[in-house]
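# What the coordinates show
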Amino acid sequence: MPSKTSNKKSVAKSKTEDGYVHVRGAREHNLKNVDLDIPRGQLVVFTGVSGSGKSSLAFGTLYAEAQRRYLESVSPYARRLFHQMPVPEVDEIEGLPPAVALQQQRGTPTARSSVGSVSTLSNSLRMLYSRAGDYPTGQELLYAESFSPNTPQGACPRCSGLGRIYDVTEHSMVPDDSLTIRERAIAAWPPAWHGQNLRDILVTLGYDVDTPWRELPKKDRDWILYTDESPTVPVYAGFTPKETKAALKRKETPSYQGTFTGVRRYVMQTFANTESASMKKRVARYMVSSACPECEGKRLRRESLSVTFAGHDIAEISRLPLARLAELLQPYAAGKDKDEDKRHLHNEQLIVRRRIAADLAARLEVLLALGLGYLALERSTPTLSPGELQRLRLATQVRSSLFGVVYVLDEPSSGLHPADTEALLDALAQLKAAGNSLFVVEHALDVIRQADWLVDVGPLAGERGGQVLYSGVPEGLRKIEQSQTRRYLFGEAPSPQRTPREPGGWLKLAGVHRNNLKDLEVAFPLGVLTSVTGVSGSGKSSLVSQVLVELVSQALGQGGAAQEEQPDEPDLERDEQLPLAGHIVSGMEGVRRLVRVDQKPIGRTPRSNLATYTGLFDQVRKLFAATKDAKKRRYDAGRFSFNVAKGRCEHCAGEGFVMVELLFLPSVYAPCPTCEGARYNAETLEVTYRGKNIAEVLGMTVGEAIEFFKDEGAVERSLEVLNEVGLDYLRLGQPATELSGGEAQRIKLASELQRATRGDALYVLDEPTTGLHPVDADRLMVQLNRLVDAGNTVIVVEHTMRVVAGSDWVIDVGPGAGDQGGSVVASGPPQDVARNKKSRTARYLAAQMN
């Protein structure tokens, strides 16, 4: 008779071999003890409203467990090199293969990371130049690393491979030369005491600080700005120049000894050495950049640039659109290159050239199929959208020939025009045909309809979600009454179409030049909701999020759209500011304010959160400070901030967690043992409002807080607006670092909606439905229409045809991507654009409207 152990083994074996992944007791985030069986070797799509728990299931549970199991097989020392996810809250997962995650994330914030490096195409291209390039007569062979600007062998020695040099000029350091030194003509010098100290030292040294800068002798100006000398002299604080001179003559005891630093030296040293992001940002304002004269902006040594292929040096070929690069390589890949191209190469080089060119051509074919032919290899990743970056990684996986792997993808259709989504589905089909499983978190109905298996999570968001409503073939979802996805998938949701509003005027631009936009003229209607459409890379964002925003900002004298700016650390490796080419012809009388609601993070540390950004936290803290207990203890509103020493937990300084060092393993973060993650000290937590302390209030979701703060006017209004834009599932204290780009954008929109608006504001949003389920997109449209009804203009860059169909006006840019785009193909109400034969958007818009 078989033992119980052997029975257990045989059951486990049968589960593993039945072609399914079996999940039991998943409790990650808001998941409610989920049991689930999903097939391997299929396209499985996870759907549900925003915040329902889809990502918690696909990434937080399935991918995290697959990664954890893999890392268990790696040596403890090697594990330190990996970013480790926490162990997921789940009882058991059987039949789970190794997993690869392709998540949404912004590009690495450095211009040294590029399309070429992410796709690894640059490595092959360098090898091609090294082994089969055309070398000048007498030049010795260069290895592949000599063709990379990121290596000592390849980087231009003048600019260190950046392509630009950074320095200061007299005008950048002294922007207003009508001022005297005492009047702070030297703007680049530090503010407050340090700046005063340097001015006092100049007085001791005998320089005139009371004559306008422009009237000082050039010799004096040059020494003050550019000297490398550091004289230490006596300083008489508060003395006039005359009194200082007398004190020096009498050899009077000074206030202190001060050391002088020239302005250029101060700026350059501060930028290079300070650990303060705000100081670095401040001095960066006084630095100017220009193309490196040594490499002419190409970033490489001259000997590397002297090697060519097909008549181009490697920098020139890296600037070509991928579609053009593929055309150029095709003859070489097929061995049909011209005879004169073969003359300088011996047989071995010809074989190498053909083999590398063929590999590059095959990999480029996948990128082109995914609609990325408009990108160039040198395009830096900070300029890519999360969707573009994810498709780059997807293309690499399609060519990897892996078998039996689970690919977990996070909204791969994000940022994709419906025409490009078709190409994406082809790439996913290739991965599936190679014997892999695809687990995709997705909102786009075009992708959901192609699923072999659907897992619908809900019914609502946050605490009211976290249940699997349905798991099975797509058709079966039709019977699930609770499912929000069902209504949209099977055409039961009401149509978004409406009678278009009439424009109240026109904002006309002309002479627009930016990226692929060439001498463009365009008219944006005022007082209505406009969707700007077009295939990925057609020029939509260049037109709206760049040129339109910059021109209107300039006309309003804002210097930038009204929005919450975070103190980003300046990075001189980022791409330089593009020149503004174009002008506003007419229509600015209809725009009094510009608001750009983008997807940038609302904060870069866990100290910034939903409540602090919206101003809601200020109101809540005032309510706590107004309680009897707080008044008795003399606690003001500041006491209830975890950023202020008097109220926060001393042990974790208000962070809520502490870092624990582990030998041979990555450091981990654990809840603070003193406050147990509450972030406040015990005395602060003793004060309650309606039975809850401040930490408990921050732990509430927006939906819960609406009930809790009923009848508290200002707080209730803020919460209602957050609810209206579909964020009822977020916690008030949810750290900014945990929010997606789409959530950050909706928080910014909610902050705007709270303000009393006088009309005549221009709102610009780039793909506001990113990460939104169709039901949440409909809720967002209600809010955008509210803004228009209040007398404002709303312009959105959008791919979701449901949103486009519900707009008053559509401007379609294209017809294609890159060089094939950059024109206004169609402009008019949605029904007119849907009939336009030249528009690639028309077919999909017409399908939505029928």
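Residues numbered from 1 in each chain as written. Predicted model: local features only at pLDDT ≥ 70, side-chain atom pairs only at ≥ 80, totals over all residues. Heavy atoms only, no water.

Where an unreviewed UniProt entry is consulted, the chain appears under the name UvrABC system protein A, with the organism given as Massilia arenae. The chain has a UniProt comment under Subcellular location (unreviewed entry) that states "Cytoplasm". (UniProt positions renumbered as here; feature names shortened; annotations may be inferred.)

## Overview of the sheet that holds strand S18 (residues 529–533)
Overall, mixed pairing links the six strands, which are arranged S20-S23-S24-S18-S25-S26 in an open sheet. In the strand order of this sheet, the two ends are held by strand S20 (593–597) and strand S26 (823–828), each with one partner. The mean inter-strand angle of the sheet, taken between neighbouring strand axes irrespective of direction, is 15°. As judged from the five bridges shared by strand S23 (residues 761–766) and strand S24 (residues 793–797), these two strands associate in the parallel manner. The residue bridging aspartate 766 from the neighbouring strand is valine 797, located in S24. In this fold helix H21 (residues 540–556) packs onto S18, S20, S23, S24 and strand S25 (809–814), with an angle of close to 145° to the strand it touches most, S20. Sheet contacts for helix H30 (residues 774–789): S18, S23 and S24; angle to S24, the most-contacted strand, approximately 145°. (Pairing = 2+ DSSP bridges. Helix = DSSP H or I, 4+ residues; strand = E, 2+ residues; numbered from the N terminus. Axes fitted to C-alpha atoms, helices over the stretch in contact; angles between N-to-C directions. Contact = heavy atoms within 4.5 Å.)

## Observations regarding the packing of helix H29 (residues 741–754) against H30
At a minimum axis separation of 11 Å, H29 and H30 run at an interaxial angle of 35°. Once H29 is placed against H30, the crossing between them reads as left-handed. Seen from H29, the contacting residues are Arg746, Leu749 and Leu753; seen from H30, they are Leu780, Gln783, Leu784, Arg786 and Leu787. (Left-handed = near helix turned anticlockwise from the far one by under 90°.)

## Re the nonpolar core
Ranked by internal contacts, the top residues of the largest apolar core, which has 154 residues, are Ile317, Leu394, Phe709, Leu719, Leu732, Leu784 and Val794. At eight residues, helix H16 (residues 347–369) tops the list of elements feeding residues into this core. Leave out the neighbours within four places in its chain, and leucine 719 touches Leu616, Val702, Ala705, Ile706, Phe709 and Leu732. With 30 residues, the next largest nonpolar core counts Ala188, Val209, Val235 and Ala284 among its residues. (Core = buried A, V, L, I, M, F, W, Y, C linked by side-chain atoms within 4.5 Å. Buried < 20%, exposed > 50% of the residue type's maximum accessible area, 1.4 Å probe, protein only.)

## Here we look at the confidence of the model for the chain
On average, residues of the chain score 88 in pLDDT, and 91% of them reach the 70 mark or higher. The low-confidence segment residues 8–12, where pLDDT is below 50, has zero contacts with residues more than four positions distant or belonging to other chains. (pLDDT = per-residue confidence, 0-100.)

## Quick notes on the domain arrangement of the chain
Considered domain by domain, the chain is made up of domain 1 (41–107 + 380–490), domain 2 (115–156 + 297–370), domain 3 (166–291), domain 4 (496–601 + 748–849) and domain 5 (604–738). Placing the centre of domain 1 and that of domain 3 at their C-alpha centroids yields a distance of 57 Å. (Domains from an automatic or database assignment.)

## Some points on the environment of arginine 717
Secondary-structure assignment places arginine 717 in helix H28 (residues 713–724). The class for arginine 717 is partly exposed, based on a relative accessible area of 33%. When the C-alpha positions of arginine 717 and proline 382 are compared, they lie 36 Å apart, and in sequence the two are 335 residues distant. The residues touching arginine 717, leaving out its near neighbours within four places in the chain, are Glu724, Leu753 and Arg786.

## Describing the pattern of salt bridges
Applying the stated criterion across every chain yields a total of 43 salt bridges. Taking the shortest distance from any N to any O, the salt bridge between aspartate 446 and arginine 449 comes out at 3.6 Å. Accessibility expressed as a relative area gives 45% for arginine 449, which makes it partly exposed. Its salt-bridge partner being arginine 592, residue aspartate 760 comes within 3.8 Å of it at the nearest N-O pair. Residue aspartate 760 is located in the loop between H29 and S23, and its partner arginine 592 is located in the loop between strand S19 (581–586) and S20; the two are separated by 168 residues in the primary sequence. With a relative accessible area of 48%, arginine 592 lands in the partly exposed category. Residues participating in the shared-partner salt-bridge network are Arg498, Arg501, Asp789 and Asp808. (Salt bridge = Lys/Arg side-chain N within 4 Å of Asp/Glu carboxyl O.)

## Brief notes about the sheet that holds strand S16 (residues 505–514)
What the three strands build is an open sheet, ordered S17-S16-S19; its pairing is antiparallel. In this open sheet, the two strands that pair with only one neighbour each are strand S17 (517–526) and S19. Neighbour to neighbour, the strand axes of the sheet diverge by 15° on average, direction disregarded. Strand direction decides the pairing type here: S16 and S19, joined by four bridges, are antiparallel. Looking at the pairing, leucine 509 lines up with isoleucine 584 of S19.

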